[in-house]
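Below, each chain spelled out in residue letters.
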Protein chains: 2
Amino acid sequence: MTGIRPRPATIYAVADAAGVSIATVSRVLQGVGRVAEATREKVLEAARGLDYLPGGSARALAAKKHEAVGLMLPELTGPYFAELLVGFESAAADLGLSVALLMTDEPGLSRPLRQLAARVDGLAVMARPGQLADEELSSLARRLPVLQVAAGLRPDSIGTENTASARELTEHLFGHGRRHLVFVGDPDLAPDAAERHAGFIEAHAAAGMAVSEPARVGYSEDDGRRFAHHLLDGDERPDGLVCVNDEVAVALLDELQRAGLAIPDDLAITGWDDVMTARYTRPGLTTVAQPVRDLGGLAATTLYRWLTTGQQEHDPTILPTRIVLRGSCGCPEAQLAAIRPRRMPVRESLKEEPE
Amino acid sequence: MTGIRPRPATIYAVADAAGVSIATVSRVLQGVGRVAEATREKVLEAARGLDYLPGGSARALAAKKHEAVGLMLPELTGPYFAELLVGFESAAADLGLSVALLMTDEPGLSRPLRQLAARVDGLAVMARPGQLADEELSSLARRLPVLQVAAGLRPDSIGTENTASARELTEHLFGHGRRHLVFVGDPDLAPDAAERHAGFIEAHAAAGMAVSEPARVGYSEDDGRRFAHHLLDGDERPDGLVCVNDEVAVALLDELQRAGLAIPDDLAITGWDDVMTARYTRPGLTTVAQPVRDLGGLAATTLYRWLTTGQQEHDPTILPTRIVLRGSCGCPEAQLAAIRPRRMPVRESLKEEPE
DNA sequence: ATTGGACGGGTAAGCGCTTACACACCCAAT
DNA sequence: ATTGGGTGTGTAAGCGCTTACCCGTCCAAT
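Scope of this entry: the structure provided in the associated data block.

## So, the overall build of chain A
And step 1. Helix and strand counts for chain A come out as 12 helices and 11 strands.
And step 2. Per-residue burial over chain A gives 56% buried out of 355 residues.
And step 3. For chain A, restricting intrachain contacts to residue pairs at least 6 apart in sequence, the fraction spanning at least 24 positions comes to 72%.
And step 4. Here chain A has roughly 15200 Å² of accessible surface; of this, 51% comes from carbon and sulfur atoms.

Here it is in structure tokens:
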């Protein structure tokens with residue numbers, strides 16, 4: 001496997017080896033047109049013997065399509081993006097499309113993005129406001145289908161429901177007697193965050209309550225921990241925290257517990273996304289489950305329909321979410337190890353030597 | 001943005017608009033060769049006005065390279081693959097390479113894999129044994145550089161250290177007085193698992209202890225929970241569980257705790273990967289941190305060197321790991337909320353009306 | 001005044017495929 | 001025997017780029 005590699009075989013080499021024309025080779029390999037069974041076998045064998053693989057670029061050039069879609073994400077850390085990607089890729093694969101991927105945090109990502117756009121038939125983009133020059137994106141959109149994911153309400157967009165869920169979640173916290181809630185997250189960082197914050201405000205308005213300023217933090221655990229210390233050191237006195245995502249929430253939960261706070265008694269905490277960690281904290285994290293994987297799949301299929309029909313769907317699709325109640329909001333949780341219902345028999349003394 | 005889209009502009013259109021030949025357009029856009037400043041500006045403006053983007057397929061065909069690398073993963077659920085991907089993509093992007101992605105669980109994935117291979121210059125593959133017909137893969141390897149990731153020791157492979165770490169971890173458990181350990185994971189499912197199991201065995205051999213059969217479970221939380229119930233129902237009596245990854249470990253931990261077991265007193269548990277959740281369980285999960293992101297980056301850069309030099313590196317690179325001790329193995333952990341060192345002042349009565 | 005570079009840009013030959021079209025060929029129907 | 005309709009295959013024209021090569025200009029040096 002080491003060392004120099006011979007130039008890959010072309011369709012001409014296969015045609016020669018099989019004693020046919022390149023047109024026939026192409027027909028056999030694509031399975032279109034009529035080819036005599038004997039010929040087909042000859043071609044297949046020749047192709048196999050030469051490790052032939054039709055070059056994607058030549059194929060795409062001649063066929064005027066790439067059979068590939070692109071996905072651009074602002075970053076890929078965190079379970080959210082991973083899930084989205086999984087949904088996107090597996091749906092795309094089912095549709096016979098390859099997936100090209102781009103993620104970046106740099107604002108001036110023009111180059112890689114254009115490189116990506118040049119090799120796909122359509123693009124799904126999840127852009128944070130300001131990250132991508134809108135000019136850049138609309139120039140691309142004039143050239144190929146560009147689908148916006150989780151970008152708020154726009155005709156070329158799909159996403160998940162945010163505002164109503166946030167309102168419901170906030171009202172749930174009211175139901176637990178909480179009166180001084182803080183929204184933890186920056187509404188300006190992403191449309192999703194803005195919509196959740198809007199729901200948070202709606203709930204307050206409907207209850208005739210005043211709303212405090214949102215705590216403008218980012219999306220990472222570090223942001224959560226930092227805010228925890230800010231809370232501990234400052235003189236704000238919230239009794240509930242509605243966090244923009246689970247990572248911030250669990251970090252906050254952890255840091256506050258380490259400082260001696262009782263969750264949810266002293267402070268209720270909710271997250272968003274229902275990531276894996278949310279079911280392993282003590283108490284479990286109350287959060288909002290979004291069908292992120294489905295969202296990714298929807299992006300791929302929507303793009304596919306757009307590509308094949310040449311016509312964009314009219315209405316943006318909004319996927320429903322589900323509130324997941326665990327202990328961190330104040331809901332009762334199944335007690336853990338308080339009673340020991342079935343005790344696995346274990347060896348008595350661990351100090352003994354092995355058998 | 002809706003509706004029919006005009007055919008994208010070609011290099012000819014730009015040349016016409018700028019009043020030059022296509023060669024000049026190509027030179028300007030690539031930044032090679034000498035072009036008068038005035039001409040360059042004309043071209044750039046024409047290109048901008050037409051939303052021109054050099055078609056990737058034509059470019060790749062003419063230049064005989066895709067400027068793209070592919071990554072194939074057996075699946076993408078779980079933090080491990082997400083991290084790997086992040087490392088791969090960001091390193092590739094820095095090198096000016098696009099990334100094409102493929103993941104699948106199907107054994108017969110020949111089609112999508114070949115489609116992927118046809119549009120990249122090199123391929124990084126993480127294949128589970130048996131999933132991919134070896135014949136298929138070596139045929140591809142004859143055509144383009146194929147780098148194996150975490151595939152055990154082979155010349156065309158890179159990976160992370162497993163055996164020594166597993167041995168050390170196992171011996172650490174011995175140090176906690178544990179004598180009846182079970183390896184939870186199937187050594188046949190992946191080379192990584194096999195190597196970890198080998199280290200587990202080594203430790204036993206060195207201590208002159210007998211080794212029990214491994215519990216052959218998969219990699220998911222469900223596998224962990226299932227095994228927990230199997231343990232609870234059966235009559236095995238281990239005092240320590242060395243799990244193949246963190247997902248299995250945390251699920252096991254959770255399920256066993258719910259059943260009333262005290263971890264680590266009744267049973268020690270360790271994981272592998274140091275995923276986010278590992279630092280949020282109570283007790284925290286002792287595990288092995290691998291530089292998975294670096295591994296992904298290494299895959300991209302190794303592939304890049306291979307592509308540019310045409311020569312494969314000789315020795316497989318093995319990245320070092322680090323054991324992360326938390327409470328689940330029996331190590332002391334900072335007490336949580338036992339004392340409340342700094343108590344955040346909160347409102348006394350939550351039942352009060354808002355201000 | 002001649003000449004030789006440097007400079008700028010055009011010409012054209014591919015790159016490796018797909019696919020419309022044309023053309024043999026063979027056999028059934030007349 | 002002639003005709004006509006499949007069948008199977010080859011011919012050739014692109015697809016939209018890159019790039020080697022060549023050819024004018026212009027100006028400094030002689």
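From this point on, the discussion continues.
## Notes on the relation of the copies chain A and chain B
Two copies of a chain can be linked by a rotation about an axis combined with a shift along that same axis.
And step 1. Each copy superposes on the other: chain A lies on chain B with an RMSD of 0.0 Å after a rotation of 180° and an axial shift of 0.0 Å. Here the copies are linked by what is in effect a two-fold axis.

## Side note on the protein's contact with DNA strand D
And step 1. In the vicinity of DNA strand D, 29 residues are found, and the nearest of them are T24, R27 and T39 of chain A together with I11 and S26 of chain B.
And step 2. Expressed as a percentage, the sugar and phosphate content of the atoms of DNA strand D within 4 Å of the protein is 63%.
And step 3. At a separation of 3.3 Å, a phosphate oxygen of DNA strand D approaches a polar side-chain atom of R59 of chain B.
And step 4. When contributions to the surface near DNA strand D are tallied by element, the ones reaching two or more residues are α2 (22-30) and α4 (56-63) of chain A together with α1 (11-18), α2 (22-30) and α4 (56-63) of chain B.
And step 5. In the surface near DNA strand D, the residues fall into 15 nonpolar, eight polar and six charged.

## Remarks on the side chain of T170 of chain A
All names here are of chain A.
And step 1. Of note, T170 is situated in helix α8 (residues 163-175).
And step 2. A polar contact of 2.7 Å, which involves the side chain of T170, links it to the backbone oxygen of A166.
And step 3. Those residues within four positions of T170 in sequence are excluded, and the remaining contacts are L181, F200, A203 and H204.

## Thoughts on the protein's contact with DNA strand C
And step 1. Residues in contact with DNA strand C amount to 29 residues; listed here are only the nearest, I11 and S26 of chain A together with T24, R27 and T39 of chain B.
And step 2. Sugar and phosphate atoms represent 64% of those atoms of DNA strand C found within 4 Å of the protein.
And step 3. Side-chain polar atom of T24 of chain B to a phosphate oxygen of DNA strand C: 2.8 Å apart, as the coordinates give it.
And step 4. Contacts to DNA strand C include T39 of chain B, whose side-chain N or O atom sits 2.3 Å from a phosphate oxygen.
And step 5. Top element by residues in the surface near DNA strand C is α2 of chain A. It accounts for five residues.
And step 6. Taken together, the residues of the surface near DNA strand C sort by class into 16 nonpolar, seven polar and six charged.

## Thoughts on the interface of chain A and chain B
And step 1. Taken residue by residue, the interface counts 102 residues in chain A and 103 residues in chain B.
And step 2. For the pair chain A and chain B, the two sides together bury roughly 9500 Å², of which 53% comes from carbon and sulfur.
And step 3. At the junction of chain A with chain B, the criterion picks out six salt bridges.
And step 4. Taken together, the connections running from chain A to chain B amount to 35 residue pairs in polar contact (both at pLDDT 80 or more).
And step 5. Contributions of two or more residues to the side of chain A that touches chain B are made by α4, α5 (79-94), β2 (98-103), α6 (110-117), α7 (134-143), α10 (221-233), α11 (246-258) and α12 (292-309) of chain A.
And step 6. Residue classes in the side of chain A that touches chain B are distributed as 47 nonpolar, 21 polar and 34 charged.
And step 7. Bridge analysis of β2 of chain A against strand β2 (residues 98-103) of chain B gives three bridges, and the strand direction is antiparallel. In the strand pairing of β2 of chain B, L101 of chain A is matched with V99 of chain B.

## Digging into the packing of aromatic side chains
Residues and elements named next belong to chain A.
And step 1. Enumeration over the complete set of coordinates arrives at four aromatic pairs over all chains.
And step 2. Ring geometry for Y80 and F81: centres 5.2 Å apart, planes at 80°, overall edge-to-face.
And step 3. On the basis of relative accessibility, which here comes to 10%, the residue Y80 falls in the buried class.
And step 4. Given the relative accessible area of 6%, F81 is considered buried.

## Concerning the pairing of strand β5 (residues 157-160) of chain B
Residue and element names in this part refer to chain B.
And step 1. Along β5, one buried face is formed by S157 and G159 and the opposite face, lined by I158 and T160, is buried too.
And step 2. Where strand β4 (residues 146-149) meets β5, two bridges bridge the pair, whose relative direction is parallel. Paired with Q148 across the two strands is S157, which belongs to β5.
And step 3. Alignment of β5 against strand β10 (residues 317-319), held across three bridges, turns out to be parallel. Pairing of I158 across the sheet is with T317, part of β10.

## Some remarks on unusual backbone geometry
For residues other than glycine, phi is negative in most cases, and the peptide bonds are mostly trans.
And step 1. Each neighbour pair has its own omega, and for I263 of chain A with P264 of chain A the value is 10°, a cis peptide bond.
And step 2. For K64 of chain B, which is not a glycine, the phi torsion comes out positive at approximately 60°.
And step 3. In this structure, K64 of chain B sits in the loop between α4 and β1 (68-73).
And step 4. The phi dihedral of D274 of chain B falls on the positive side, at around 55°, and the residue is not glycine.
And step 5. Taking the relative accessible area as the measure of exposure, D274 of chain B reaches 18% and is therefore buried.

## Some thoughts on the side chain of D186 of chain A
All names here are of chain A.
And step 1. For D186, the position within the fold is in the loop between β6 (181-184) and α9 (191-206).
And step 2. Engagement of the side chain of D186 in a polar contact is seen with the backbone nitrogen of D188, the distance being 2.8 Å.
And step 3. Setting aside residues no more than four positions away along its own chain, D186 makes contact with A193, A215, R216 and V217.

## Things to note about the nonpolar core
And step 1. By size, the foremost hydrophobic cluster in this structure holds 58 residues, and its most contacted members are F88, M126 and V149 of chain A together with F88, M126 and V149 of chain B.
And step 2. Not counting chain neighbours up to four residues away, the residues in contact with M126 of chain A comprise M72, L73, P74, Y80, F81, L84, V149 and A150 of chain A.

## Here's the deal with the environment of R196 of chain B
Residue and element names in this part refer to chain B.
And step 1. Considering the arrangement of structural elements, one finds R196 in helix α9 (residues 191-206).
And step 2. You can call R196 buried: its relative accessible area is 4%.
And step 3. Taking the C-alpha atoms as reference points, R196 and T281, 85 residues apart in sequence, are found 23 Å from one another.
And step 4. Sequence-distant contacts of R196, that is, excluding residues within four places in its chain, are made with N162, A166, F183, V244, W272 and Q290.

Calculation notes
Along every chain, residues carry numbers that run from 1 in the direction the sequence is written. By the order in which they are written, chains take letters starting at A while ligands take numbers starting at 1. Only residues with pLDDT of 70 or above have their local features reported here, since the model is predicted, and side-chain atom pairs are shown and tallied only from 80 upward, although totals for entire chains, interfaces and linings are computed over all residues. To obtain the side-chain values, all non-hydrogen atoms of the structure were included, while hydrogens and water were left out. Helix and strand definitions follow DSSP, with helices as H or I runs of at least four residues and strands as E runs of at least two, each counted in order from the N terminus. Summary of the burial criterion: residues with accessible area below 20% of their type's maximum are buried, those above 50% are exposed, and those between are partly exposed, where the area comes from a 1.4 Å probe applied to protein chains only. Whether two residues are in contact is decided by their heavy atoms: any pair within 4.5 Å suffices. Per-residue accessibility takes into account occlusion by the displayed protein chains alone, with areas from the Shrake-Rupley method and a 1.4 Å probe. Only residues with pLDDT of at least 70 in both copies contribute their C-alpha atoms to the least-squares superposition of the copies. Distances are taken per atom, and a residue is near a molecule or strand as soon as one of its heavy atoms is within 4 Å of it. In protein, a polar contact requires one atom able to donate a hydrogen and another able to accept it; more generally it is a pair of N or O atoms within 3.5 Å, and residues adjacent in sequence count only if both atoms are side-chain atoms. When residues are sorted by character, Ala, Val, Leu, Ile, Met, Phe, Trp, Tyr, Cys and Pro go into the nonpolar class, Asp, Glu, Lys and Arg into the charged class, and all the rest, Gly among them, into the polar class. Buried area adds together the accessible area that both of two parts lose upon being put together, with accessible area traced by a 1.4 Å probe. Just to be clear on terms, a salt bridge is a Lys or Arg side-chain nitrogen sitting within 4 Å of an Asp or Glu carboxyl oxygen. Paired strands, as defined in this entry, are two strands with at least two bridges between them according to DSSP. Two rings from Phe, Tyr or Trp (for Trp, the six-membered ring) form a pair when their centres are within 6.5 Å of each other. A pair whose planes differ by under 30 degrees is stacked, one over 60 is edge-to-face, and the rest are tilted. Nonpolar cores are built from buried Ala, Val, Leu, Ile, Met, Phe, Trp, Tyr and Cys residues. Side-chain atoms within 4.5 Å join them into one set.

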